[in-house]
Amino acid sequence: AAGVIQSPRHLIKEKRETATLKCYPIPRHDTVYWYQQGPGQDPQFLISFYEKMQSDKGSIPDRFSAQQFSDYHSELNMSSLELGDSALYFCASSLHGSSYNEQFFGPGTRLTVL
Amino acid sequence: AQRVTQPEKLLSVFKGAPVELKCNYSYSGSPELFWYVQYSRQRLQLLLRHISRESIKGFTADLNKGETSFHLKKPFAQEEDSAMYYCALEETSGSRLTFGEGTQLTVNP
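First, a word on what this report is: a plain description of the structure on this page. Predicted model, so just to flag it, every value in this text is computed and none were measured.

## A closer look at the overall build of chain B
Part 1: Along chain B, the regular secondary structure elements total zero helices and 11 strands.
Part 2: The secondary structure elements of chain B, listed N-terminal to C-terminal, are β-β-β-β-β-β-β-β-β-β-β.
Part 3: Computed over the C-alpha atoms, the radius of gyration of chain B is 13 Å, within 12% of the 13 Å expected from 2.2 N^0.38 for a compact globule of 109 residues.
Part 4: Judged by the C-alpha coordinates and their principal axes, chain B covers about 40 × 30 × 25 Å.
Part 5: Expressed as a percentage of the 109 residues in chain B, the buried residues total 47%.
Part 6: By sequence separation, contacts in chain B at least 24 residues apart represent 59% of the contacts at least 6 residues apart.
Part 7: Put simply, chain B shows about 5,400 Å² of open surface, and 50% of that area lies on carbon and sulfur atoms.
Part 8: Mean positive and mean negative side-chain charge positions of chain B (13 and 12 charges, respectively) differ by 3 Å.

Structure below.
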């Protein structure tokens, strides 16, 4: 079965650069969630979208923005990167209204800021 | 604000021994509780949810509202159970997940 796809899987950037992370949800899933997991830390919720509209916002820095497109894929744009942004970024998708609204996770994008 | 606590970062048991991974939460409402598992180099995947009261791979978890706990148990651990386990809370169906710090379980032969 198709799973959540994230690209790239690994990304290395310099301080003050920008990065774009992409998430392709499971087909027919209409909700996307972004989480950030720092080294040795638990995943922290950043932001979510339902039907291309922002549905919830967590601890996402103002330097970050995200959107969901008409095909339901989502992109997380990160500007003025800082060393502390180095983390694993997970995307999850779900189908609104389905049983339990289970979130299915992607493999993550590991971002390293040098 | 909601919070999930997993007091043990590391847990090591021998094969065939019982295992219990602790999870406590703080939330004023009636949350939905989950256990997610992450095997080595694999993605997070749902292990079980309290609302379905099911047993997956021999694991069970009971929601104790009085103690605000959702401990994960298995009577006989297997080597393939070695993984990182996260307890997570969802305020309402489909909302964000709040994760605990995770417990790395190692089952020794």
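## Observations concerning the nonpolar core
Residues and elements named next belong to chain B.
Part 1: Core analysis: the largest hydrophobic core is formed by 24 residues, its most contacted members being Trp35, Leu72 and Tyr85.
Part 2: The set of elements that each furnish at least two residues to this core consists of strand S2 (10–14), strand S3 (19–21), strand S5 (32–38), strand S6 (45–49), strand S9 (83–90) and strand S11 (103–108).
Part 3: For this core, the leading source of residues is S9, giving four residues.

## What about the state of the cysteines?
Part 1: The full count for this structure, using the stated rule, is two disulfides over all chains.
Part 2: For Cys23 of chain A, the disulfide goes to Cys91 of chain A, at an S-S distance of 1.7 Å. Handedness here is read from the sign of the S-S torsion; for Cys23 of chain A and Cys91 of chain A, about -50°, the answer is left-handed. Here the residue Cys23 of chain A occupies a position in strand S3 (residues 19–24), and Cys91 of chain A occupies one in strand S9 (residues 87–94), the gap between them amounting to 68 residues.
Part 3: Take Cys23 of chain A: its relative accessible area is 0%, and that puts it in the buried class.
Part 4: What pairs with Cys23 of chain B in a disulfide is Cys87 of chain B, and their sulfur atoms sit 2.0 Å apart. Measuring handedness by torsion sign, the sulfur bridge of Cys23 of chain B and Cys87 of chain B sits at about -65° and is left-handed. With a gap of 64 residues between them, Cys23 of chain B in the loop between S3 and strand S4 (24–26) and Cys87 of chain B in strand S9 connect regions that are remote in the sequence. Like Cys87 of chain B, Cys23 of chain B is buried.

## Quick look at the interface of chain B and chain A
Part 1: The partner chain A presents 21 residues to the 19 residues of chain B that form the contact.
Part 2: The junction of chain B with chain A conceals about 1,700 Å² of combined surface from both sides, 49% of it contributed by carbon and sulfur atoms.
Part 3: Taken together, the connections running from chain B to chain A amount to 10 residue pairs in polar contact (both at pLDDT 80 or more).
Part 4: Elements represented by at least two residues in the side of chain B that touches chain A include exactly S5, S6, S9 and strand S10 (97–99) of chain B.
Part 5: Tallied by class, the residues present in the side of chain B that touches chain A amount to seven nonpolar, six polar and six charged.

The rules we used
Position numbers for residues start from 1 in each chain and track the written sequence from start to end. In the order they appear in the text, chains get letters beginning with A and ligands get numbers beginning with 1. Only residues with pLDDT of 70 or above have their local features reported here, since the model is predicted, and side-chain atom pairs are shown and tallied only from 80 upward, although totals for entire chains, interfaces and linings are computed over all residues. Remark: hydrogens and water are excluded; side-chain values derive from all non-hydrogen atoms of the structure. Secondary structure elements follow DSSP: runs of H or I no shorter than four residues count as helices, runs of E no shorter than two count as strands, and numbering proceeds from the N terminus. Here the globule rule reads 2.2 Å times residues to the power 0.38, and the radius of gyration is calculated from C-alpha atoms. Exposure categories follow from relative accessible area, calculated using a 1.4 Å probe and restricted to protein chains: below 20% of the type maximum is buried, above 50% is exposed, and the middle band is partly exposed. Whether two residues touch is decided by their heavy atoms; if any such pair falls within 4.5 Å, the residues are in contact. Every accessible area reported is derived by Shrake-Rupley at a probe size of 1.4 Å, with residue values counting cover from the shown protein chains alone. This count recognises Lys and Arg as positive and Asp and Glu as negative, with His and chain-terminal groups excluded. Charge placement uses NZ in Lys and CZ in Arg. For Asp and Glu, CG and CD serve respectively. Buried residues of nine kinds, namely Ala, Val, Leu, Ile, Met, Phe, Trp, Tyr and Cys, make up a nonpolar core once their side-chain atoms join them within 4.5 Å. Cysteine sulfur atoms are paired as a disulfide whenever they come within 2.5 Å of each other. Buried area adds together the accessible area that both of two parts lose upon being put together, with accessible area traced by a 1.4 Å probe. Counting of polar contacts relies on pairs of N or O atoms within 3.5 Å, with two restrictions inside protein: one atom must be capable of donating a hydrogen and the other of accepting it, and residues adjacent in sequence are counted only when both atoms are side-chain atoms. Think of it as three bins: nonpolar holds Ala, Val, Leu, Ile, Met, Phe, Trp, Tyr, Cys and Pro, charged holds Asp, Glu, Lys and Arg, and polar takes everything else, Gly as well.

Remember, this is a structural readout, not a statement about activity or role.
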